[in-house]
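The residues making up each chain are set out below.
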Amino acid sequence: MPIPMTEEIEALRLFAWLSPGYPVGAYAYSHGLEAAVEAGDVSGEESLTAWLGDVCEHGSLRNDLILVARAHDAASTASAMDLVAINDLALALAPSRELNLETSQQGRSFLDATLGAWPCPALTTLAPSLAEAVAYPVAVGAAAGAHGMRLSPVLGTYALAFVHNLVSAALRSAPVGQAAGTRVVAALSVRLVPLARAAETASLDDLGSACLRLDLGSFRHETQYSRIFRS
């Protein structure tokens, strides 16, 4: 049975939004990875896989997926008040100035680009409630919910894009080549599925992170002697 054209268009829109070419400036951020390389925590394929796995399962990605899901809910029901509360919480969860800049700059850029290229009445109505700083996962979830996109593929694609972005940062900052980076993505992909599924029903009360070394590294990064990323 052929896939309905609306589903094909939705899939292409999602891939466009979360592709490296979408103008959010993701290439400028390493999410603490550059500091981890400087400290010796990431020195090759094995340590990169371990570091990224922890960030995914016990840190930022898990939180991001929950925020995407709940922002999707708020936008689906046109609840601007709920969306504002979720965004305020998401910004407050950023443990350092650099990580706050990372999520808020990408969120602002994502929402502005999406309003310009993929406008829809629901998103246009909700956008004024996110007129100032907006966290990236909240922007993605709100846009997807406003467009009536199914949550499950949004979460899965967001998770894979998160890993791809950080592996790309590793290729530029760590002794990891393209073949090794591809193996890291493949190894982590199977671990993303349960994370995405769990986020579908998780509440904001389930938010939390245990990646304290990443947080501390993000504090040190701003005074790092040599750096190529903004976080």
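Structure shown above.
Attention here is on the structure that accompanies the text. (Residues numbered from 1 in each chain as written. Predicted model: local features only at pLDDT ≥ 70, side-chain atom pairs only at ≥ 80, totals over all residues. Heavy atoms only, no water.)

What follows covers the overall build of the protein chain. Along the protein chain, the regular secondary structure elements total 11 helices and 0 strands. Seen in sequence order, the protein chain has helices and strands lined up from the N terminus as α-α-α-α-α-α-α-α-α-α-α. Whereas a compact globule of 231 residues would reach a radius of gyration of roughly 17 Å, the protein chain reaches 17 Å, a difference of no more than 12%. A burial count over the protein chain gives 52% of its 231 residues as buried. (Helix = DSSP H or I, 4+ residues; strand = E, 2+ residues; numbered from the N terminus. Rg over C-alpha atoms; globule rule 2.2 N^0.38 Å. Buried < 20%, exposed > 50% of the residue type's maximum accessible area, 1.4 Å probe, protein only.)

What follows covers the pattern of salt bridges. Side chains that differ in sign of charge can pair as their charged atoms come close. Tallied over the full model, the rule gives 8 salt bridges. With a shortest N-O distance of 2.8 Å, Glu45 and Arg183 are connected by a salt bridge. Placement of the pair is Glu45 in helix α3 (residues 45–58) and Arg183 in helix α10 (residues 178–201), with a sequence separation of 138 residues. The class of Arg183 is partly exposed, set by a relative accessible area of 47%. For Arg227, the salt bridge goes to Glu98, with nearest N and O atoms at 2.7 Å. Here Arg227, found in the segment after α11 (212–221), pairs with Glu98, found in helix α6 (residues 97–117); they are 129 residues apart in sequence, far enough to count as distant. For Glu98, a relative accessible area of 3% corresponds to the buried category. (Salt bridge = Lys/Arg side-chain N within 4 Å of Asp/Glu carboxyl O.)

What follows covers α3. The α-helix winds at 3.6 residues per turn, so residues separated by three or four positions along the chain end up facing the same way. Here α3 is 14 residues long and its end C-alpha atoms lie 20 Å apart, about the 20 Å a rise of 1.5 Å per residue gives. Each element contacted by the buried residues of α3 is listed here: α2 (33–39), α4 (60–76), α9 (151–173), α10 and α11. (Expected span 1.5 Å × (residues − 1). Contact = heavy atoms within 4.5 Å.)

Our next topic: the environment of Thr103. Inspection of the secondary structure puts Thr103 in helix α6. A C-alpha to C-alpha distance of 9.9 Å links Thr103 and Val24, two positions 79 residues apart in sequence. Setting aside residues no more than four positions away along its own chain, Thr103 makes contact with Leu91, Val134, Ala135, Tyr136 and Pro137. Separated by 3.0 Å, the side chain of Thr103 and the backbone nitrogen of Tyr136 make a polar contact. (Polar contact = N/O pair within 3.5 Å; in protein donor to acceptor, adjacent residues only side chain to side chain.)

Looking now at the nonpolar core. The biggest cluster of nonpolar side chains holds 74 residues, and the ones touching the most others in it are Trp51, Leu61 and Phe110. No other element matches the 12 residues that α9 contributes to this core. Those residues in contact with Phe110 that lie beyond four places of it in its chain are Trp17, Tyr22, Val24, Tyr136, Ala139, Val140 and Ala143. (Core = buried A, V, L, I, M, F, W, Y, C linked by side-chain atoms within 4.5 Å.)

We now examine the packing of aromatic side chains. Applying the stated criterion across every chain yields a total of 6 aromatic pairs. Measuring from centroid to centroid gives 5.4 Å for Tyr22 and Phe110, while their planes differ by 50°, and the two rings are tilted. Note that Tyr22 is positioned in the loop between α1 (5–17) and α2 and Phe110 in helix α6, a separation of 88 residues in sequence. Under the relative-accessibility criterion, Tyr22 is labelled buried at 8%. Ring pairing ties together the aromatic residues Trp17, Tyr22, Phe110, Trp118, Tyr136 and Tyr158, which thus form one cluster. (Phe/Tyr/Trp six-rings, centres within 6.5 Å; stacked < 30°, edge-to-face > 60°.)

Looking now at unusual backbone geometry. If you check the backbone angles, His31 has positive phi at about 55° while not being a glycine. By secondary structure assignment, the location of His31 is in the loop between α1 and α2. Backbone geometry places Ala78, a non-glycine residue, at a positive phi of 55°. Within the secondary structure layout, Ala78 lies in the loop between α4 and α5 (80–93).

Functional significance is not addressed by these values, which are geometric in nature.
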